[in-house]
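# Breakdown of the fold
One-letter residues, chain by chain:
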Amino acid sequence: MGHVRVKIRIANPTRRQEFVDVDDALVDTGATWTTVTRDIADRLGLQGRRPSASGHRRRRGKVDHSFALIQNDGKQSISDVLVNDTLREVLVGVVTLEGLRLAVDPRSGRLVDTKLLLM
């Protein structure tokens, strides 16, 4: 199937009018949460906190937990995001995909509408 890349818009949920456009976000169906770069989080003023209970700083950079408004093709959802100091691209995780009611079609390698399952 290869890599699936999509265009998304990211905003601070408290300042929804200020977006960062990401033209080539990588859809990662093996990732739970969406991950954004520190630069994007700083530009949007996303407030973060460290997700681990240990409180120890990681050797290769810091990862914080925050929330962001994510838009794709007219759909939007507020989603958990990880803010990463070392990652250089945006990864879209499955929680965000589910919130947007989207899934990856393995045949076409594109995002398709899906039903929201309430269980």
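Look up: the structure comes first, before these words.
Read on for a plain summary of the structure. Values in this document were obtained by computation on a predicted structure and should not be read as measured data.

Below, the discussion takes up the overall build of the protein. Counting its secondary structure elements, the protein contains 2 helices and 8 strands. A total of 119 residues make up the protein; the buried ones form 39% of that total. Pairs at least 24 apart in sequence give 54% of the contacts found in the protein among residues at least 6 apart. When the accessible area of the protein is evaluated, it comes to approximately 7600 Å², of which 47% is carbon and sulfur surface.

This structure, assessed with the given rule, holds 9 salt bridges. Ionic pairing is found between E18 and R15, a salt bridge with its closest N-O pair at 3.4 Å. Ionic pairing is found between R43 and D39, a salt bridge with its closest N-O pair at 3.5 Å. Taken together, the positions of R43 and D39, both in helix α1 (residues 38-44) and 4 residues apart, correspond to about one turn of that helix. What emerges from the salt-bridge pattern is a single network uniting R38, K62, D64 and D85.

The biggest cluster of nonpolar side chains holds 22 residues, and the ones touching the most others in it are I8, I10, V22, V36, I40 and V90. Elements with a minimum of two residues in this core: β1 (5-12), β2 (15-27), α1, β4 (63-72) and β5 (75-84). Discounting residues that sit within four places of it in the chain, V36 has contacts with I10, A41, L46, L82, V83, N84 and V90.

Turning our eyes to something else, we now look at the pairing of β2. Relative to β2, β1 runs antiparallel, the two sharing 7 bridges. Counted as the bridge partner of I8 is V22 from β2. Between the antiparallel neighbours β1 and β2 lie 2 residues. In the sheet, β2 pairs with strand β6 (residues 91-92) via 2 bridges, with the strands oriented parallel. Across the sheet, V27 pairs through a bridge with V92, a residue of β6.

With that settled, the discussion passes to the packing of aromatic side chains. Going through the model one piece at a time under the given rule, you end up with 0 aromatic pairs. Positioned above the aromatic ring of F19 is the side chain of R9, whose terminal nitrogen or guanidinium carbon lies 4.2 Å from the ring centre.

Once that is clear, we can look at unusual backbone geometry. Notably, D73 is not glycine yet its phi reads approximately 50°, a positive angle. Judged by relative accessible area, D73 falls into the exposed class, the value being 75%. With a phi close to 55°, R101 is a non-glycine residue in the positive phi region. Summarising the element assignment, R101 is placed in the loop between α2 (94-99) and β7 (102-105). A relative accessible area of 33% places R101 in the partly exposed class.

Calculation criteria
Residues numbered from 1 in each chain as written. Predicted model: local features only at pLDDT ≥ 70, side-chain atom pairs only at ≥ 80, totals over all residues. Heavy atoms only, no water. Helix = DSSP H or I, 4+ residues; strand = E, 2+ residues; numbered from the N terminus. Buried < 20%, exposed > 50% of the residue type's maximum accessible area, 1.4 Å probe, protein only. Contact = heavy atoms within 4.5 Å. Areas by Shrake-Rupley, 256 points an atom, 1.4 Å probe, with all protein chains shown as cover. Salt bridge = Lys/Arg side-chain N within 4 Å of Asp/Glu carboxyl O. Core = buried A, V, L, I, M, F, W, Y, C linked by side-chain atoms within 4.5 Å. Pairing = 2+ DSSP bridges. Phe/Tyr/Trp six-rings, centres within 6.5 Å; stacked < 30°, edge-to-face > 60°. Lys NZ or Arg CZ within 6 Å of the ring centre and 35° of its normal.

Nothing here speaks to function; it is all geometry.
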